[in-house]
Amino acid sequence: MAEIKLDATVRTEFGKGAARRTRRANLVPGVVYGHGAESVHINLPAHELQLALRTANVLIGLEIDGKDALVIPKAVQRNAIKGNIEHVDLLTVKRGEKVEVEIAVHAEGDLAPGGNLLEYVQNTLLVEAEATHIPESVTVSIAGLDAGDSILAKDIPLPKGSVLAGEGDAVVLQVVAAQVEEAPAEEAPAEA
């Protein structure tokens, strides 16, 4: 995964009014924490951050007033109506360090004939991977699965360097039979 570079500035004003002024200036307030270091409150360029966060678990190289930091997004707060990023929490990581992240699960292939439906019980898997080699997603073959079949987390092949961090017996995908609605039975006409 490529590292995205962003410039950040240290934030000196706090509170609701300061956050609003920051957002009007096309910046996003955020905080960087991790590795026992003191939290650093920062401002990030809104547009560049929005583009960077299109990739799940993106690795961001921050330059904060001349100091470099390698971070991954931990929590992103968005405006419910506009979808703008209102605040971001970033976790400091080191090269070679293992981190736990959620990666998307995608299915490929065709189910067995018969009108069955695929149900995603979990859309993501919790995995442990090196901070600089976080997989974007994992693909699972559902070819030939029939009603009642399921795929457990431990059965999903993970990319090299990744190990399952969540429960192995958790159901991720399951195949269910399509519900067929029965036509109402016609009533016989009553004799007089």
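Residues numbered from 1 in each chain as written. Predicted model: local features only at pLDDT ≥ 70, side-chain atom pairs only at ≥ 80, totals over all residues. Heavy atoms only, no water.

Brief notes about the overall build of the chain
So, step 1. For the chain, the count of helices and strands is two helices and 13 strands.
So, step 2. Against the 2.2 N^0.38 benchmark of 16 Å for 192 residues, the chain shows a C-alpha radius of gyration of 24 Å, more extended than a compact globule.
So, step 3. Dimensions of the chain, computed from the C-alpha atoms along their principal axes, are close to 90 × 50 × 25 Å.
So, step 4. Looking at the chain as a whole, 33% of its 192 residues qualify as buried.
So, step 5. Mean positive and mean negative side-chain charge positions of the chain (17 and 29 charges, respectively) differ by 17 Å. (Helix = DSSP H or I, 4+ residues; strand = E, 2+ residues; numbered from the N terminus. Rg over C-alpha atoms; globule rule 2.2 N^0.38 Å. Buried < 20%, exposed > 50% of the residue type's maximum accessible area, 1.4 Å probe, protein only. Lys, Arg positive; Asp, Glu negative; His and termini not counted. Charge placed at Lys NZ, Arg CZ, Asp CG, Glu CD.)

Let's talk about the nonpolar core
So, step 1. The biggest cluster of nonpolar side chains holds 23 residues, and the ones touching the most others in it are I72 and L125.
So, step 2. Counting residues per element, the ones that place at least two in this core are strand 5 (67–78), strand 7 (98–108), strand 9 (124–130), strand 10 (137–141) and strand 13 (171–176).
So, step 3. Here this core takes four residues from strand 7, the largest share from any one element.
So, step 4. Discounting chain neighbours no more than four positions away, the residues touching I72 are V58, L59, D89, L90, L91, V93, V99, V101 and I134. (Core = buried A, V, L, I, M, F, W, Y, C linked by side-chain atoms within 4.5 Å. Contact = heavy atoms within 4.5 Å.)

Some remarks on a negative patch on the surface
So, step 1. A cluster of acidic residues, D7, E48, E63, D65 and D68, forms a negative patch on the protein surface.
So, step 2. Its place among the elements puts E63 in strand 4 (residues 59–64).
So, step 3. Residue E63 is classed as partly exposed on the basis of its relative accessible area of 39%. (Patch = residues over 30% accessible without salt bridge, like charges linked within 9 Å, V, L, I, M, F, W, Y side chains within 5 Å. Areas by Shrake-Rupley, 256 points an atom, 1.4 Å probe, with all protein chains shown as cover. Salt bridge = Lys/Arg side-chain N within 4 Å of Asp/Glu carboxyl O.)

Concerning the pattern of salt bridges
Once their charged atoms are close, side chains differing in charge can pair, the charge on each being opposite to the other.
So, step 1. Within this structure, the stated rule accounts for two salt bridges.
So, step 2. One salt bridge in this structure joins R21 and E13, with 3.6 Å as the shortest N-O distance.
So, step 3. Where D169 meets K154, a salt bridge forms, and the shortest distance between an N and an O atom there is 3.0 Å. Here K154 lies in the loop between strand 11 (150–152) and strand 12 (163–164) and D169 lies in the loop between strand 12 and strand 13, a separation of 15 residues in the sequence. For the pair shown, D169 and K154 are each scored as exposed.

Describing the sheet that holds strand 13
So, step 1. Pairing is antiparallel across the open sheet formed by three strands, whose spatial order is 8-13-11. At either margin of the open sheet sits one strand with a lone partner, and together these are strand 8 (117–120) and strand 11. Taking each pair of neighbouring strands and ignoring which way they run, the sheet shows an average axis angle of 15°.
So, step 2. Note: strand 11 against strand 13, three bridges, orientation antiparallel. Residue S150 lies in a different strand from strand 13, and its bridge partner there is Q174. (Pairing = 2+ DSSP bridges. Axes fitted to C-alpha atoms, helices over the stretch in contact; angles between N-to-C directions.)

What to know about the sheet that holds strand 4
So, step 1. Spatially, the six strands close up into a barrel ordered 1-3-2-6-5-4, and their pairing is mixed. Here the strands of the sheet are splayed against their neighbours by 45° on average, with no regard to which way each runs.
So, step 2. Judged from the seven bridges that link them, strand 2 (residues 27–34) and strand 3 (residues 37–45) form a sheet pairing that is antiparallel. Across the sheet, the residue bridging to V28 is L44, located in strand 3.
So, step 3. Strands in contact with helix 1 (residues 16–24) are strand 2, strand 3 and strand 6 (85–92); relative to strand 2, the strand with the most contacts, it is inclined by about 115°.

Structural notes on a positive patch on the surface
So, step 1. Together, K16, R20, R23 and R24 make up a positively charged patch on the protein surface.
So, step 2. Looking at where K16 falls in the secondary structure, it is placed in helix 1.

Re the side chain of H87
So, step 1. Position of H87 among the secondary structure elements: in strand 6.
So, step 2. One polar contact links H87 to D89, side chain to side chain, over a distance of 3.3 Å.
So, step 3. Residue contacts for H87: discarding those within four places in its chain leaves R11, V28, P29, G30, V31, A75, V76 and Q77. (Polar contact = N/O pair within 3.5 Å; in protein donor to acceptor, adjacent residues only side chain to side chain.)

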